[in-house]
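Chain residues, written in single-letter form:
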Amino acid sequence: MPDQPTLPALAVACPTCGSQPGQLCTSHSGTRQRRHDVHQTRTAAFAAQQTTTTRSN
């Protein structure tokens, strides 16, 4: 198994495929892991969480 890439968006769950925080996104109905990127919705969820966290501090 290849080393897991460092993707900041892995800190949140993926709204598209349902992967939990720390797990890679899946494609093709969950049959393959996306090794080099995450779904755009996950990136957006991560960005929204960062904005919320920044505002509350």
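Residues numbered from 1 in each chain as written. Predicted model: local features only at pLDDT ≥ 70, side-chain atom pairs only at ≥ 80, totals over all residues. Heavy atoms only, no water.

1. Details of the environment of Ser 27
Thought 1: With respect to the element layout, Ser 27 can be found in strand β1 (residues 26-27).
Thought 2: Taking the C-alpha atoms as reference points, Ser 27 and Thr 16, separated by 11 residues in sequence, lie 9.6 Å from one another.
Thought 3: Once residues lying within four places of it in the same chain are set aside, the contact partners of Ser 27 are Arg 32 and Arg 34. (Helix = DSSP H or I, 4+ residues; strand = E, 2+ residues; numbered from the N terminus. Contact = heavy atoms within 4.5 Å.)

2. Let's talk about the state of the cysteines
Thought 1: Here the structure, examined in full by the defined rule, presents 0 disulfides.
Thought 2: We note that Cys 17 lacks a disulfide partner, and the nearest cysteine sulfur, in Cys 14, lies 3.7 Å from it. (Disulfide = S-S within 2.5 Å.)

3. A look at the environment of Ala 47
Thought 1: Among the structural elements, Ala 47 can be located in helix α1 (residues 40-56).
Thought 2: Its relative accessible area of 41% is what places Ala 47 among the partly exposed residues. (Buried < 20%, exposed > 50% of the residue type's maximum accessible area, 1.4 Å probe, protein only.)

4. Some points on the confidence of the model for the protein chain
Thought 1: Looking at the protein chain as a whole, the pLDDT averages 86, with 88% of positions reaching at least 70.
Thought 2: By mean pLDDT, the top-scoring element of the protein chain is strand β2 (residues 32-33) (92), and the lowest-scoring one is α1 (88). (pLDDT = per-residue confidence, 0-100.)

5. Considering the nonpolar core
Thought 1: The biggest cluster of nonpolar side chains holds 8 residues, and these are Ala 9, Leu 10, Val 12, Cys 14, Leu 24, Cys 25, Val 38 and Phe 46.
Thought 2: For Cys 25, the contacting residues outside a window of four places in its chain are Cys 14, Cys 17, Ser 19, Arg 32, Gln 33, Arg 34, Val 38, His 39 and Arg 42. (Core = buried A, V, L, I, M, F, W, Y, C linked by side-chain atoms within 4.5 Å.)

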